[in-house]
Amino acid sequence: MWIATSERSRDIDRQTTDQFGVSTRVLMERAGLSVFDAVKDYLAPGAKFIVLCGHGNNGGDGFVVARLGHEAGYHVCCLVAAEEADLTEAAREQLMIMRAQGAHAIFPSEPKWQIKADHLGCVDLIVDALLGTGAHGEVKGRVKDLIQASNKAGVPVVSVDVPSGIDCDTGEELGESVWAMRTVSFGLPKPFMFQGIGLEHCGYWTVADIGFPPALLMEPTEAKLIDEDWVGCLLPERLRASNKGDNGSVLIVAGSSKMPGAATLAAKSALRAGAGLVTVAAIESVCRSVAAQVPEALLFPLPDHDGVISADAARMLLDQQSRYHAAVFGPGLTHEQPICDFLERVFKDWQTACCIDADALNAVSMGVQLPKTDCVLTPHPGEMSRLLHSSIAEIQCDRFRTVNQAVEVLDKTVLLKGPYSIVGERFQPMLVNCTGNSGMASAGMGDVLSGVVVALLGQDLPAYYAASCGMYWHGAAGDICAEEIGPIGYTAIDVANALPKARARIVSRCDEN
């Protein structure tokens with residue numbers, strides 16, 4: 001499913017009307033019906049709800065919701081943030097239809113407007129139809145007053161298309177914004193759902209089909225939300241006659257005396273993701289730790305320098321690189337000077353596809369040059385801030401822009417981790433993940449992801465697809481842990497162990513479809 005910016009959303013509206021002959025009135029009617037269907041999920045028969053309407057087409061959708069609620073026997077009040085003369089033509093038309101059915105709107109010039117605004121907590125639910133996807137600039141006046149009153153009311157809010165006060169494209173707050181329990185968007189998902197304050201304020205979001213022509217919705221944009229059908233069709237198949245050597249021999253360069261567990265997590269997840277052979281290249285103490293916990297892993301002991309890999313180990317690794325189909329560098333290495341020297345020597349002549357993670361990314365931010373081969377970089381926001389020499393706030397304020405910038409600067413496949421992780425590559429649309437949950441915000445989850453990605457690279461999946469399938473699969477395993485263990489408190493090793501079940505679920509549902 002493609003992701004539509006505010007500009008693309010306007011284009012779809014315009015083309016639907018101009019080229020396909022679907023009137024704005026029809027679209028509003030369908031939009032209002034979709035929102036009302038969501039409203040009914042939260043209300044008992046005869047309950048009270050209030051619709052907050054702006055002056056534009058978003059407000060027109062709100063008038064439709066109010067009319068439908070009145071017709072269905074709910075106690076509905078419609079509070080408008082603009083005077084009637086300031087409504088757009090389409091919104092005014094819906095107001096007239098609503099009035100004809102016996103429902104009423106209250107405007108700011110009426111004395112009871114302020115009374116209603118001060119008592120929003122007396123209703124069972126609020127519908128937010130104040131501002132749409134085209135809103136820009138700081139919210140002011142009556143719109144701001146109603147946003148503040150809505151947030152103070154302490155009752156559930158259903159937002160129409162976008163929570164009012166959220167920038168559709170960046171997810172940033174325009175001074176004040178509605179905190180919705182549910183957002184019903186139309187046609188396609190919007191960028192605000194995946195970043196900034198919008199990610200939190202939209203609550204549980206859905207995308208309603210209101211009759212936009214499929215040809216318009218299928219037209220490519222800059223970003224796409226991936227699903228399990230897409231991922232399931234890309235995951236490598238296991239041939240019945242295959243042997244371990246046919247299913248990817250991967251190398252994991254990880255760990256230090258202070259962080260031995262990172263190598264174990266990456267190795268276990270690579271095996272759980274189906275890699276035929278997994279070799280851990282690390283100092284002796286880390287190799288012993290891996291042997292005790294992942295007996296299936298092969299070991300490649302490297303010389304030690306004060307608890308980290310010595311720079312002299314580079315030649316040992318380069319001499320053996322032809323034995324591996326893919327490698328991961330970084331988990332738990334630290335970014336002390338011997339590690340930077342080691343990685344600089346290795347990366348200069350490394351020719352095998354690889355995943356660059358954690359401390360290897362920190363080394364790159366300190367000046368180590370990336371290998372001249374296919375790479376997946378997997379930074380979290382802090383690592384990305386160091387790579388791009390920006391603040392974390394700048395990285396997070398527009399994650400789509402950040403990924404584009406990183407791809408331009410680094411010229412590699414980039415996977416920016418976090419809620420709704422994003423993958424970018426030159427000349428490809430950005431891919432957005434929809435799996436995973438807040439329970440995954442704990443230590444070691446990135447090490448597990450790197451193991452999944454390297455396993456896919458080792459089975460000849462190109463970097464762009466290995467990163468995208470890997471993040472979806474990793475998040476799906478986290479979702480299984482949340483279901484079976486609990487939403488908070490499961491560990492990275494639990495996620496690694498859930499990878500086979502997650503893969504089976506993805507593939508089986510793909511086969512069903």
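Values in this document were obtained by computation on a predicted structure and should not be read as measured data.

S.K.: Would you mind going over a negative patch on the surface with me for this structure?
M.R.: Taken together, the side chains of Glu284, Asp304, Asp306 and Glu336 define an acidic patch exposed on the protein surface. Along the polypeptide, Glu336 turns up in the loop between β15 (326–329) and α13 (337–349). By relative accessible area, which is 32% here, Glu336 ends up partly exposed.

S.K.: For this particular structure, what's the right way to read the side chain of Ser289?
M.R.: Looking at the element boundaries, Ser289 is found in helix α11 (residues 284–293). Residue class for Ser289 comes out buried when judged on its relative accessible area of 18%. Leave out the neighbours within four places in its chain, and Ser289 touches Pro260 and Thr264.

S.K.: Teacher, can you tell me more about the layout of surface pockets here?
M.R.: As a volume, the largest pocket reaches approximately 1,100 Å³. Along the wall of the largest pocket there are 40 residues; nearest its centre are Gly418, Pro419, Tyr420, Gly436 and Asn437. Within the residue set of the lining of the largest pocket, elements represented by two or more residues are α7 (196–201), β8 (204–208), α18 (445–458) and α19 (463–484). If you tally residues by element for the lining of the largest pocket, the top one is α18, at four residues. Considering only residue class, the lining of the largest pocket consists of 16 nonpolar, 18 polar and six charged. The space that makes up the second largest pocket amounts to roughly 780 Å³. Lining the second largest pocket are 35 residues; nearest its centre among them are Asp13, Asn57, Asn58, Gly132 and Thr133. Counting only elements with at least two residues in the lining of the second largest pocket, the list comes to α1 (6–18), α2 (24–40), α3 (57–71) and α6 (141–153).

The rules we used
Residues numbered from 1 in each chain as written. Predicted model: local features only at pLDDT ≥ 70, side-chain atom pairs only at ≥ 80, totals over all residues. Heavy atoms only, no water. Patch = residues over 30% accessible without salt bridge, like charges linked within 9 Å, V, L, I, M, F, W, Y side chains within 5 Å. Areas by Shrake-Rupley, 256 points an atom, 1.4 Å probe, with all protein chains shown as cover. Salt bridge = Lys/Arg side-chain N within 4 Å of Asp/Glu carboxyl O. Lys, Arg positive; Asp, Glu negative; His and termini not counted. Charge placed at Lys NZ, Arg CZ, Asp CG, Glu CD. Helix = DSSP H or I, 4+ residues; strand = E, 2+ residues; numbered from the N terminus. Buried < 20%, exposed > 50% of the residue type's maximum accessible area, 1.4 Å probe, protein only. Contact = heavy atoms within 4.5 Å. 1 Å grid on protein atoms, 1.4 Å probe; cavity = no way out; pocket = protein on both sides within 12 Å on 5 of 7 lines; lining within 4 Å. Points joined across faces, edges and corners; volume = space filled by probe spheres on them. Nonpolar A, V, L, I, M, F, W, Y, C, P; charged D, E, K, R; others polar.

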